[in-house]
Amino acid sequence: MEKTNIAIVGMGTVGTGVARLLLDHGDRTSRHAGRTLWLKKAVVRDLQKPRDVELPDGVVTDSIADVLNDPEITVVAQLIGGLEPARTIMLDLLEAGKDIVTANKALLAQHGPELFNRARELGRSIAFEASVAGGIPIIANISQCLSANQIVSLEGILNGTSNFIVTQMDERGASYDDVVRQAQKLGYAEADPAMDVDGSDAAQKLAILAHLAFGATVDWNDIPRVGIDGLAADDLTYARKLGYRIKLLGVAKLADDGLELSVGPTLVKIGTPLAEVRDAFNAIRVIGDAVGPVFYHGLGAGQMPTASAVVADLIDTAVGRTRLTFQTLEYFSIDQPPRVKLRDADTLVGRYYFRLPVSNHPGTLASIATVLAKHGISIASVIQHETSDEADGSNDPQIDPVTLVVMTHEATAGAARKATLEIESLATVTGPVVRLQVKD
Ligand code: NAP
Ligand code: HSE
């Protein structure tokens, strides 16, 4: 049987999973590829560090030159995270004539045009299914399976770590810090978990999907984003009482005046499919003008789901399918102007949840309602629980703080943002206001 020699660069969570699939299930990969996928080299940084997979003699090396200088190795799974040295290694591998498979969305979201153009110039390919939503084949679906459609909207849970954290806090009352540590242990989190919890990872994935689905060329830093790091357990509790669960949603929606893009924690109505997505699962709801709504659900983070996507790309690359799509689809071409412009974030319309720490004084609620009304925001409901402090009647804001939760009718993001700033400046508001979007 014909053989394709493969190398893995970066033997962390994902690299180890890829090695396992190649070594333990060679029969499966050969059957699908019609050739043997032979793991010839695995490049690590530290030869002494124990790995969770037994590599045959001679495979492991700490020298990237062993891959660059080996003409028999034609396909490389580049599984180092972050920007550098991942970018330089990727360029060196392309120059050395290797086709690349990667899971590194941070790198693609930041340096996609440079890397993809160089690959094209050199007649090479880059496959990146694992870079978005782990085991869900969303890249292939958007760029190939749904290619008869104009995608109208795409919204989903794109970060497994954040979803794991909010699920565990909500369902088990776990503490934020404990669940972040657990997500790291389980291999869900990025090397720097701040990227997961502050919405950056989801924004990078949304930028990639927006490019594929809408031809948008967007700097992921320009996508308005809020993470789950500012959420309190109280927000999850209030959301549940109101009939919602909080999910970190990435949204891309096409309108006449451009493309709406945003990432943020959102109250999602219980009973709707996105609200039921738990733990490290991801889900994406795509609407195409011909196909209608399509819903994808699966594990978006973790060793084997991600390795599943990487190995499928290795097979596609080994048999030549990737090169065909890579050349015809013109991913991230610097020569192509963006097909769509971004909408001004302030004009986006939605409902809002506000949680406000306020002093329990006469007129507090009226002053907040006045600010909301001034910005054209109509109140849909209000929650304020009695507290034991109220009973002592001291009327001292430091002694009598209460929580006010306000749900609004539809308003523009700009009005909600300005109202928040104004409300925070009121003497009766004792701390930062939490403002979240609502999806019914
Ligand atoms: P990881 O566990 O931190 O593994 C990265 C590996 O790269 C580490 O083993 C690290 O070595 C190695 N490395 C760093 N610099 C190197 C160098 N110069 N030469 C050789 N090896 C080097 O990360 P991961 O979770 O596997 O993620 C890898 C990539 O996949 C990231 O881009 C991530 O965003 C993406 N991804 C991850 C998941 C997931 O669920 N984990 C899912 C989808 C995509 P040391 O062990 O010595 O530090
Ligand atoms: N850290 C990422 C997440 C890995 O939690 O979604 C998958 O891209």
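Computed from a predicted model, the values in this text were never measured in an experiment.

### Here's the deal with helix 7 (residues 160–172)
Because an α-helix completes one turn every 3.6 residues, residues spaced three or four positions apart along the sequence face the same direction.
Here is step 1 of the chain: Taking 1.5 Å of rise per residue, the 13 residues of helix 7 would be expected to cover 18 Å, and the 17 Å separating its terminal C-alpha atoms lies within 8% of that figure.
Here is step 2 of the chain: With respect to burial, helix 7 is a largely interior element, 11 of its 13 residues being buried.
Here is step 3 of the chain: For helix 7, the set of buried residues is G160, T161, S162, N163, F164, I165, V166, T167, Q168, M169 and D170.
Here is step 4 of the chain: If you check the start of helix 7, you find a side-chain oxygen 3.3 Å away from the backbone N of T161, and it comes from N159.
Here is step 5 of the chain: Phi turns positive one or two residues past the end of helix 7, at G173, with a value near 65 degrees.

### A look at the domain arrangement of the protein chain
Here is step 1 of the chain: For the protein chain, the domain assignment lists domain 1 (3–134 + 306–329), domain 2 (138–299) and domain 3 (345–439).
Here is step 2 of the chain: Here the C-alpha centroids of domain 2 and domain 3 sit 26 Å apart.
Here is step 3 of the chain: Counting from both sides, the interface comprises 19 residues of domain 2 and, opposite them, 16 residues of domain 3.
Here is step 4 of the chain: Taken over both partners, the interface formed by domain 2 and domain 3 buries close to 1,500 Å², and the fraction arising from carbon and sulfur atoms is 64%.
Here is step 5 of the chain: Counting the surface domain 2 buries against domain 3, the share from its top three residues, Y238, L242 and L267, is 37%.
Here is step 6 of the chain: The interface formed by domain 2 and domain 3 holds 2 salt bridges in total.
Here is step 7 of the chain: Put simply, K439 and E155 hold a salt bridge, and the shortest N to O gap is 3.1 Å.
Here is step 8 of the chain: Inspection of the domain 2/domain 3 interface yields 7 residue pairs in polar contact (both at pLDDT 80 or more).

### Some remarks on the packing of aromatic side chains
Here is step 1 of the chain: Applying the stated criterion across every chain, the model contains 8 aromatic pairs.
Here is step 2 of the chain: Ring geometry for F116 versus F326: centroids 5.6 Å apart, planes at 25 degrees, classification stacked. Of this pair, F116 sits in helix 5 (residues 105–121) while F326 sits in helix 13 (residues 321–329), placing them 210 residues apart in sequence.
Here is step 3 of the chain: For F326, a relative accessible area of 0% translates into the label buried.
Here is step 4 of the chain: On the basis of an interplanar angle of 80 degrees and a centroid distance of 5.0 Å, the ring pair of F128 and Y331 is categorised as edge-to-face. Placement of F128 in the loop between strand 6 (126–127) and helix 6 (138–145) and of Y331 in the loop between helix 13 and strand 12 (349–359) is noted, with a sequence separation of 203 residues between them. For the pair F128 and Y331, one class covers both residues: buried.
Here is step 5 of the chain: Taken together through their ring pairs, the aromatic side chains of F116, F128, F326, Y331 and F332 make up a single cluster.

### Focus: the nonpolar core
Here is step 1 of the chain: If you look at the biggest cluster of nonpolar residues, it comprises 84 residues, and the most contacted ones within it are F116, I126, I138, L154, F214, L267 and Y353.
Here is step 2 of the chain: In terms of residue count, the dominant contributor to this core is helix 10 (residues 200–214) (10 residues).

### Observations regarding the sheet that holds strand 5 (residues 99–102)
Here is step 1 of the chain: Overall, parallel pairing links the 6 strands, which are arranged 3-2-1-4-5-6 in an open sheet. The sheet terminates laterally at strand 3 (60–61) and strand 6, the two strands that pair on one side only.
Here is step 2 of the chain: As defined by bridge partners, strand 1 (residues 3–9) adjoins strand 4 (residues 73–78) across 5 bridges and the pair is classed as parallel. The partner of N5 across the bridge, within strand 4, is I73.
Here is step 3 of the chain: Those strands touched by helix 4 (residues 86–95) are strand 1, strand 4, strand 5 and strand 6, and its axis lies near 165 degrees from that of strand 4.

### Observations concerning the pairing of strand 12
Here is step 1 of the chain: By the criterion of burial, strand 12 is predominantly enclosed, with 10 of the 11 residues buried.
Here is step 2 of the chain: Judged from the 2 bridges that link them, strand 12 and strand 15 (residues 411–412) form a sheet pairing that is antiparallel. Following the sheet pairing, V349 is matched in strand 15 by T412.
Here is step 3 of the chain: Across 5 bridges, the pairing between strand 12 and strand 16 (residues 434–439) is antiparallel. Across the sheet, R355 pairs through a bridge with V434, a residue of strand 16.
Here is step 4 of the chain: Here 7 bridges tie strand 12 to strand 14 (residues 401–408), and the two strands are oriented antiparallel to one another. Counterpart to P357 in the pairing with strand 14 is T403.

### With respect to the site of ligand 2
Here is step 1 of the chain: Taken together, 13 residues lie around ligand 2, and K105, T161, Y188, E190 and D196 are the ones closest in.
Here is step 2 of the chain: The side chain of D196 places a nitrogen or oxygen atom 2.7 Å from a nitrogen atom of ligand 2.
Here is step 3 of the chain: When ligand 2 sits alone it has 260 Å² of accessible area, and the protein chains cover 94% of it.
Here is step 4 of the chain: Listing elements by their share of the shell around ligand 2, those giving two or more residues are helix 7 and helix 10.

Quick notes on the rules
Residues numbered from 1 in each chain as written. Chains lettered and ligands numbered in written order. Predicted model: local features only at pLDDT ≥ 70, side-chain atom pairs only at ≥ 80, totals over all residues. Heavy atoms only, no water. Helix = DSSP H or I, 4+ residues; strand = E, 2+ residues; numbered from the N terminus. Expected span 1.5 Å × (residues − 1). Buried < 20%, exposed > 50% of the residue type's maximum accessible area, 1.4 Å probe, protein only. Polar contact = N/O pair within 3.5 Å; in protein donor to acceptor, adjacent residues only side chain to side chain. Domains from an automatic or database assignment. Contact = heavy atoms within 4.5 Å. Buried area = accessible area lost by both parts, 1.4 Å probe. Salt bridge = Lys/Arg side-chain N within 4 Å of Asp/Glu carboxyl O. Phe/Tyr/Trp six-rings, centres within 6.5 Å; stacked < 30°, edge-to-face > 60°. Core = buried A, V, L, I, M, F, W, Y, C linked by side-chain atoms within 4.5 Å. Pairing = 2+ DSSP bridges. Axes fitted to C-alpha atoms, helices over the stretch in contact; angles between N-to-C directions. Near = heavy atom within 4 Å. Areas by Shrake-Rupley, 256 points an atom, 1.4 Å probe, with all protein chains shown as cover.

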